[in-house]
Amino acid sequence: MSRAVIETPDASDRQAYTISDLSEEFGVTARALRFYEDEGLIAPTRRGLARIYSRRDRARLAWILRGKRVGFSLAEIREMIDLYEADEAHDIQRRVAIARCTERIALLKRQRDDIDAAIVELTDFIALARQSEP
DNA sequence: CTTCTCACA
DNA sequence: TGTGAGAA
């Protein structure tokens with residue numbers, strides 16, 4: 001039983017993507033993608049002057065955006081992705097990633113503590129201010 | 001569509 | 001960490 005012959009080409013089935021393909025798919029500007037390239041995070045091949053992104057490039061981009069969402073700098077992301085390509089077993093890469101994530105979690109927790117402390121202070125202030133209300 | 005540059009948050 | 005504009 002053959003299924004619908006005409007399927008919407010699934011983005012993940014494609015072999016190659018243009019800069020507009022990926023910017024639309026991931027909701028980022030083409031300019032941002034060029035910026036990531038300048039920063040050494042992606043290296044699409046060229047057809048003439050036009051960038052051709054492979055499936056690997058697309059996967060890289062997905063990782064870049066995931067890293068950004070959780071607050072890693074582009075430099076940190078670049079380092080982790082580079083390690084992934086360099087280290088076949090991904091052994092060093094895994095250690096570094098775990099270390100980075102641990103560090104990041106610690107920072108977020110400290111920030112949460114600071115926020116909680118600020119909330120308490122503000123709440124206390126409101127209580128105090130109410131006492132001198134007419 | 002591409003490159004580059006300068007400025008701006 | 002990006003964006004916008006202008007020029008080529």
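You'll find the structure just up there.
Quantities reported herein were computed from a predicted structural model and do not represent experimental measurements.

A.B. asks: Help me understand helix α1 (residues 19–26) in this model?
C.D. replies: Those residues of α1 that fall on the buried side of the exposure criterion are I19, L22 and S23. On an axial view of α1, the arc spanned by its buried residues comes to 100 degrees, and they lie on one face. Downstream of α1 by a residue or two, G27 has a phi angle that is positive, lying close to 65 degrees.

A.B. asks: I tried to follow the protein's contact with DNA strand B on my own but got confused; where do I start?
C.D. replies: Around DNA strand B lies a shell formed by I19, S20, R31, R34, R46, L49, A50 and R51. Considering the 4 Å shell around the protein, atoms of DNA strand B inside it are sugar or phosphate in 92% of instances. R34 places a polar side-chain atom, nitrogen or oxygen, 2.2 Å from a phosphate oxygen of DNA strand B. Within the side chain of R46, an N or O atom sits 2.9 Å from a phosphate oxygen of DNA strand B. Sorting the residues of the surface near DNA strand B by element identifies α1, α2 (30–38) and β3 (50–54) as the ones contributing at least two each.

A.B. asks: Even after reading the chapter, I still don't get the sheet that holds strand β2 (residues 45–47), so can you show me in this structure?
C.D. replies: Whether parallel or antiparallel, the strands of a sheet pair through hydrogen bonds between backbone atoms. Taken together, the three strands give an open sheet; going across it, the order is β1-β3-β2, and neighbouring strands pair in antiparallel fashion. Here the strands that pair on one side only, and so sit at the sheet edges, are β1 (16–17) and β2. Helix α3 (residues 55–69) contacts β1 and β3 of the sheet and is inclined by roughly 80 degrees relative to β3.

A.B. asks: Just to check I follow, could you spell out α2 for this structure?
C.D. replies: It helps to recall that an α-helix has 3.6 residues per turn; residues three or four apart then point in one direction. Along α2, the residues classified as buried are A32, L33, Y36 and E37. Each buried residue of α2 sits inside an arc of 145 degrees when the element is viewed along its axis, so together they form one side. Opposite the packed face of α2, turned more than 90 degrees from it, sit the exposed residues R31 and D38. Among the structural elements, α1, β2, β3, α3 and α4 (74–86) are those in contact with the buried residues of α2. In the segment just after α2, G40 is the residue with positive phi, at about 80 degrees.

A.B. asks: Looking at this structure, I do not really get the protein's contact with DNA strand C. What am I missing?
C.D. replies: Every residue near DNA strand C is listed here: T29, R31, A32, F35, Y36, K68, S73 and L74. Contacts to DNA strand C include A32, whose backbone N or O atom sits 3.4 Å from a phosphate oxygen. With four residues, the single largest contributor to the surface near DNA strand C is α2. Here the residues of the surface near DNA strand C sort into four nonpolar, two polar and two charged.

A.B. asks: Even after reading the chapter, I still don't get the packing of α4 against helix α5 (residues 91–131), so can you show me in this structure?
C.D. replies: For any two helices packed against each other, the geometry comes down to the angle between their axes and how far apart the axes lie. Two elements in contact, α4 and α5, have axes separated by 8 Å at closest approach and are oriented at 155 degrees. Relative to α5, the element α4 is oriented roughly antiparallel. Crossing of α4 over α5 shows left-handed handedness. Taking contact as the criterion, the partners of E76, E79, M80, L83 and Y84 in α4 are, on α5, I92, Q93, V96, A97 and R100. Of the residues belonging to the contact of α4 with α5, the class tally is six nonpolar, one polar and three charged.

Rules used throughout
Residues numbered from 1 in each chain as written. Chains lettered and ligands numbered in written order. Predicted model: local features only at pLDDT ≥ 70, side-chain atom pairs only at ≥ 80, totals over all residues. Heavy atoms only, no water. Buried < 20%, exposed > 50% of the residue type's maximum accessible area, 1.4 Å probe, protein only. Helix = DSSP H or I, 4+ residues; strand = E, 2+ residues; numbered from the N terminus. Arc of directions from axis to C-beta. Near = heavy atom within 4 Å. Polar contact = N/O pair within 3.5 Å; in protein donor to acceptor, adjacent residues only side chain to side chain. Pairing = 2+ DSSP bridges. Contact = heavy atoms within 4.5 Å. Axes fitted to C-alpha atoms, helices over the stretch in contact; angles between N-to-C directions. Nonpolar A, V, L, I, M, F, W, Y, C, P; charged D, E, K, R; others polar. Parallel < 35°, antiparallel > 145°, perpendicular 65-115°, else oblique. Left-handed = near helix turned anticlockwise from the far one by under 90°.

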